[in-house]
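# Topology and contacts: notes
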Amino acid sequence: MISVEDLRKSRDNYSVVWKEFLEDHLKFPNNLFCFFEGGDEKYYGIRIQSKLPFRYSEQKSTFECHGKNNVIKLYELVSRNPAYKNTLLAFFIDRDFDDPKELPNDKRVFITTNYSIENYFISVNAFKRILENEFHQKNRGSQSIFYKNLVDLYETRFEEFLDAIDLLMAAIFFYKKQSTIIETVNLDDIRIFSLIEVSLYNIKQKYTLIDLVNIFKIDFTLNSREIADILNNFKKNNRSSLYRGKYLIEFLRWFLEKIKMDATKTTPKHFPSKRSVCLNLSKKNIISELSQYADTPAELDAFLKNIFVT
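Basis of the calculations
- Residues numbered from 1 in each chain as written.
- Predicted model: local features only at pLDDT ≥ 70, side-chain atom pairs only at ≥ 80, totals over all residues.
- Heavy atoms only, no water.
- Helix = DSSP H or I, 4+ residues; strand = E, 2+ residues; numbered from the N terminus.
- Rg over C-alpha atoms; globule rule 2.2 N^0.38 Å.
- Buried < 20%, exposed > 50% of the residue type's maximum accessible area, 1.4 Å probe, protein only.
- Contact = heavy atoms within 4.5 Å.
- Areas by Shrake-Rupley, 256 points an atom, 1.4 Å probe, with all protein chains shown as cover.
- Lys, Arg positive; Asp, Glu negative; His and termini not counted.
- Charge placed at Lys NZ, Arg CZ, Asp CG, Glu CD.
- Phe/Tyr/Trp six-rings, centres within 6.5 Å; stacked < 30°, edge-to-face > 60°.
- Lys NZ or Arg CZ within 6 Å of the ring centre and 35° of its normal.
- Pairing = 2+ DSSP bridges.
- Axes fitted to C-alpha atoms, helices over the stretch in contact; angles between N-to-C directions.

### A look at the overall build of the chain
Secondary structure assignment for the chain yields 11 helices and 6 strands. Relative to a compact globule of 310 residues, whose C-alpha radius of gyration would be 19 Å, the chain shows 22 Å and is just as compact. With respect to the three principal axes, the spread of C-alpha positions in the chain is 65 × 55 × 30 Å. Here the chain, with 310 residues, has 48% of them falling under the buried criterion. A separation of at least 24 residues holds for 73% of the contacts in the chain among residues at least 6 apart in sequence. Carbon and sulfur atoms provide 49% of the accessible area of the chain, an area that totals close to 16,200 Å². Averaged over its 46 positive side-chain charges, the chain has a centre that lies 3 Å from the centre of its 42 negative ones.

### Details of the packing of aromatic side chains
Scanning the entire structure with this criterion turns up 41 aromatic pairs. Judged by centre distance (6.1 Å) and plane angle (80°), the rings of Tyr44 and Phe110 are edge-to-face. With a gap of 66 residues between them, Tyr44 in helix 2 (residues 41-51) and Phe110 in strand 4 (residues 109-111) connect regions that are remote in the sequence. Judged by relative accessible area, Tyr44 falls into the buried class, the value being 1%. A residue is classified by how much of its surface remains accessible, and Phe110, at 3% relative accessible area, is buried. Pairwise contacts between aromatic rings join Trp18, Phe21, Phe33, Phe35, Phe63, Tyr75, Tyr84 and Phe91 into one cluster. One residue, Arg244, lies across the ring of Tyr247, its end atom 4.9 Å from the ring centre.

### Examining the sheet that holds strand 2 (residues 60-64)
Spatially, 2-1-3-4 is the arrangement adopted by the 4 strands of the open sheet, whose pairing is parallel. Strands at the two margins of the open sheet, each flanked by one partner only, are strand 2 and strand 4. For this sheet the average axis-to-axis angle between neighbouring strands, irrespective of direction, equals 15°. Pairing geometry for strand 1 (residues 32-36) and strand 2, over 5 bridges, is parallel.

### Things to note about the pairing of strand 6 (residues 202-205)
Remember that side chains alternate between the two faces of the sheet whenever the strand is regular. Here strand 5 (residues 196-199) runs beside strand 6; their pairing, made up of 4 bridges, is antiparallel. Bridged to Ser199 within strand 6 is Asn202. Hairpin connection between strand 5 and strand 6: a loop of 2 residues separates the two successive antiparallel strands.

### Considering the environment of Phe255
Position of Phe255 relative to the elements: it lies in helix 9 (residues 245-263). Residue classification places Phe255 among the buried positions, given a relative accessible area of 0%. Expressed as a C-alpha distance, the spacing of Phe255 and Phe33, which sit 222 residues apart in the sequence, is 37 Å. Setting aside chain neighbours within four positions, we find Phe255 in contact with Phe127, Leu150, Leu153, Tyr154, Arg157 and Leu200.

### Here's the deal with helix 2
Residues Tyr43, Tyr44, Gly45, Arg47 and Ile48 constitute the buried set of helix 2. In the core, the buried residues of helix 2 are packed alongside strand 1, strand 2, strand 3 (88-93), strand 4, helix 10 (286-290) and helix 11 (298-306).

### Considerations on unusual backbone geometry
You will see that Asp96, though not glycine, has its phi angle at about 55°, which is positive. Tracing the backbone through its elements, the reader meets Asp96 in the loop between strand 3 and strand 4. One non-glycine residue, Leu281, adopts positive backbone phi at about 60°. Note on placement: Leu281 falls in the loop between helix 9 and helix 10. For Leu281, a relative accessible area of 2% puts it in the buried group.

Quick look at the structure:
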C-alpha cells in the first residue's frame, strides 16, 4: 500500500510534468511527446530515434515522470482531454508483477514484455554482443573456444543466480499482491549480493524465509504454502522474463566486472590474451553504457512504427 507521503510526492511529480507538457504542447503541438517512468529514455531513446520519420527527427519532447503511477496518471489526463486527440503520444511503463488487465490498454501505451527494461539486457544474445564489441572476443578461429566457454560460463552462473533468488522473487510477488500490507521496504534497498554467495565458479542461496521475514517485516512463514505455489509457478515459466530486472542487471554488471578483471591481466584465464576493456560498469550508468547491446522486442518495434500510423 502506498504511504500518504508517497501519494503526496506522486501528486507533486505528475503535476510538474503535466505543466511541462502543457507548455511544450503550446509551443510545439506537432511534436512527439514521450512519457517515461524514470531514466528509461536511456534504453528507449535510440530505439525511438531509429523509427522517427525524417520530419520528426528534431520534434520530440520527453518527460521523466518519477514513477509508473505518474505515467498512468498523465496518460489518463491526456487521453480524457479531446484537445489532444490528434497529438502524437507515447507512454512507456514496466509490466512488473502487475496484472495486465489492470494496466492501460491503448496503442499509445507500451508495456514491457518482460518485468522491466533491464530484463532486455541480460539475455545470452545481449551478452554475446557485449563480449564481441567491448571485450573484443570473437567467435572465430582459435578464439572460438574462449568465446564459447565464456558464453557457457555466463549461462551457467545466470541459471544459478535465478535459482538463488527464486525464494526472494516469490516473496516479493506475494508482498506486492497483498493490498492490505503497508509497504515496509523499498525493493531498491535490498542488497541482492548480501543474500547469496557468488563467484565465477558457483552461486548459491544463503538466506531463508525467516531472513525475508526480517527484511520485509512480514511473517511469510504463515503463508509458506502460498509462497511455495508461487515459486512452483515461476519455475514453469521463463524466469529471466518474470524476475525483477534491476536484480538481474546487477548480476550482469557483476559478471562483466569479474571477466573484465580477468581480461586485463597479463595472463588471463578466460581470454586468449590480455586486452583493454573500456566499460566503466557503474551501477548508476549501466543502462546508458549497454543500451545499444540490449534486446529490442518485436512488440516494441511494432509499437514505435504504429505511433505514426493515423
